[in-house]
Amino acid sequence: MHSITRIITTLQATQTVAWPHFAGSTLRGAFGRALRRAACITGQNQCTGCPLRNSCAYGVVFDPAAPAQPLHPSFRDGLPRYLVQPPALGACQLQAGQTQSFDVLLLPGTQAHHGLIEHTLRNAVEKELFAPGLFKLMDTQTSQTHVLSASTETPAHMHATTGHITLRWLTPLRLQHQGKPIFKAQQLDAPGLVRALLRRQMQWQQITDQKPATTTPIATTTPTLGQPDPMHQANACMLDTRNLQWHDIQRHSGTQNQKLPLGGLIGSATLSGPVVALQTLLPLLQMGEQLHIGKETVMGLGRYQLSAGENTPPQATECPMDG
């Protein structure tokens, strides 16, 4: 097992501030700008071609070079080694003195830069978030979490004992089919979900220098001798997506000077099938629960929680605030 470092960051508003419906993009931008200012010593506009890219905190964590031996052609742009987990969806007004929290997850390979990153979070909050001086950093708490791989034996208390596992997405799930976003919930089925999980697993294997169990884990549809095949098990399952719906979100890109879509499917879906099939898929589902799946996971999209049992309609969330 490999571990990730979670930094829970609490900020406090110094005046009335309009908090956005989805803060993941804004928080990611503030973190990236602060980290670049703290780490970059060349002053270049881009990391491409920089001889320090593989040792600089910004180059390692935020904008890594493409791997020398990519496990998948899409990894040509490199794989960021962080995730931002924003607060729950919901716009609100933060009054002076009220607090808000978000998490930064640092993946393996970033250990040498943890001290700088924790220091950087103060500047991210106090200087880069919306405008300087709107917030002050109240507290950071750091913890370690192990990430299960598909080859890890699932602890007994996590075993799937029923024929149903429910996934509840806390942030929009952005998946594509034939190059186009999946807008309709009925387009997502059990094999499609497992393909997204396998792709995320491959990214994790690339980051942690693991060799995949098979050379084509995303495309395979037949069992490997002596080892259950996830896609074979997925084909034996059904995915009830009636409580998933499209949730539209946009962000403004300063570099491109335009609005970019961030929408995806949100709500809950239930995976049902033979217990042996769900047992095989459970480690993948738990890995995705920790690392998110789909596009723009670094902003916090594609985050879900697992529970055993039937599908339940999604409930509205409110912007969490403390006095």
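Preceding this section is the structure that the text describes.
What you see is a predicted model; the values in this text were computed from it and never measured. (Residues numbered from 1 in each chain as written. Predicted model: local features only at pLDDT ≥ 70, side-chain atom pairs only at ≥ 80, totals over all residues. Heavy atoms only, no water.)

**Side note on the sheet that holds strand β14 (residues 304-308)**
Piece 1. Across the sheet, 4 strands lie side by side as β10-β13-β7-β14; this open sheet has antiparallel pairing. Each edge of the open sheet carries a strand with a single partner, namely β10 (238-247) and β14. Here the strands of the sheet are splayed against their neighbours by 10° on average, with no regard to which way each runs.
Piece 2. With 7 bridges connecting them, strand β7 (residues 164-173) and strand β13 (residues 264-272) associate as antiparallel partners. Note that in β13 the partner of threonine 166 across the bridge is threonine 270.
Piece 3. Each of β7, β10, β13 and β14 is contacted by helix α4 (residues 190-207), which is oriented at about 75° to β10, the strand it contacts most.
Piece 4. Packed onto the sheet, helix α6 (residues 275-291) meets β7, β13 and β14 and runs at close to 150° relative to β14. (Pairing = 2+ DSSP bridges. Helix = DSSP H or I, 4+ residues; strand = E, 2+ residues; numbered from the N terminus. Axes fitted to C-alpha atoms, helices over the stretch in contact; angles between N-to-C directions. Contact = heavy atoms within 4.5 Å.)

**Focus on α4**
Piece 1. Taking 1.5 Å of rise per residue, the 18 residues of α4 would be expected to cover 26 Å, and the 26 Å separating its terminal C-alpha atoms lies within 8% of that figure.
Piece 2. Buried residues dominate α4, accounting for 15 of its 18 residues.
Piece 3. In this structure aspartate 189 caps α4, since a side-chain oxygen of it lies 2.8 Å from the backbone nitrogen of glycine 192.
Piece 4. Looking one or two residues past α4, aspartate 209 carries a phi angle of roughly 60°, positive in sign. (Expected span 1.5 Å × (residues − 1). Buried < 20%, exposed > 50% of the residue type's maximum accessible area, 1.4 Å probe, protein only. Polar contact = N/O pair within 3.5 Å; in protein donor to acceptor, adjacent residues only side chain to side chain.)

**What about the nonpolar core?**
Piece 1. Residues Trp19, Phe135, Trp169, Leu193 and Leu285 are the most contacted members of the largest nonpolar core, which totals 82 residues.
Piece 2. Residue contributions to this core peak at 9 residues, all from α4.
Piece 3. When neighbours within four sequence positions are excluded, tryptophan 169 is seen to be in contact with Leu193, Leu244, Leu265, Ile266, Gly267, Ala269, Ile293, Gly302, Arg303 and Tyr304. (Core = buried A, V, L, I, M, F, W, Y, C linked by side-chain atoms within 4.5 Å.)

**Topic: the pattern of salt bridges**
Piece 1. Tallied over the full model, the rule gives 6 salt bridges.
Piece 2. A salt bridge links aspartate 63 to arginine 53; the shortest N-O distance between them is 3.2 Å. Pair noted here: aspartate 63 is in the loop between α2 (57-62) and β3 (82-85) and arginine 53 is in the loop between α1 (24-39) and α2, with a separation of 10 residues, a long-range link.
Piece 3. Using a relative accessible area of 26% as the deciding quantity, one classes aspartate 63 as partly exposed.
Piece 4. Here glutamate 126 ties to arginine 122 by a salt bridge, and the two come within 3.0 Å at their closest N and O atoms. Highlighted residues: glutamate 126 and arginine 122, both in helix α3 (residues 114-128), separated by 4 residues, approximately one helical turn.
Piece 5. Assessed through its relative accessible area of 22%, glutamate 126 is described here as partly exposed.
Piece 6. The exposure class of arginine 122 is partly exposed, given its relative accessible area of 40%. (Salt bridge = Lys/Arg side-chain N within 4 Å of Asp/Glu carboxyl O.)

**With respect to the packing of α4 against α6**
Piece 1. At their nearest, the axes of α4 and α6 sit 10 Å apart, and the two run at 65° to each other. If you check the angle between α4 and α6, you find them roughly perpendicular. Handedness of the α4/α6 crossing: left-handed. Note on element contacts: α6 touches α4 through Leu281, Leu284, Leu285, Met287, Gly288 and Leu291, opposite Leu193, Val194, Leu197, Leu198, Arg200, Gln201 and Trp204.
Piece 2. Counted by class, the contact of α4 with α6 contains 10 nonpolar, 2 polar and 1 charged residues. (Parallel < 35°, antiparallel > 145°, perpendicular 65-115°, else oblique. Left-handed = near helix turned anticlockwise from the far one by under 90°. Nonpolar A, V, L, I, M, F, W, Y, C, P; charged D, E, K, R; others polar.)

**Overview of the environment of lysine 295**
Piece 1. One can find lysine 295 in the loop between α6 and β14.
Piece 2. A residue is classified by how much of its surface remains accessible, and lysine 295, at 38% relative accessible area, is partly exposed.
Piece 3. Considering only alpha carbons, one finds lysine 295 and proline 181, 114 residues apart in sequence, at a separation of 9.9 Å.
Piece 4. Contact partners of lysine 295, with chain neighbours within four places excluded, come to Arg174, Gln176 and Leu301.

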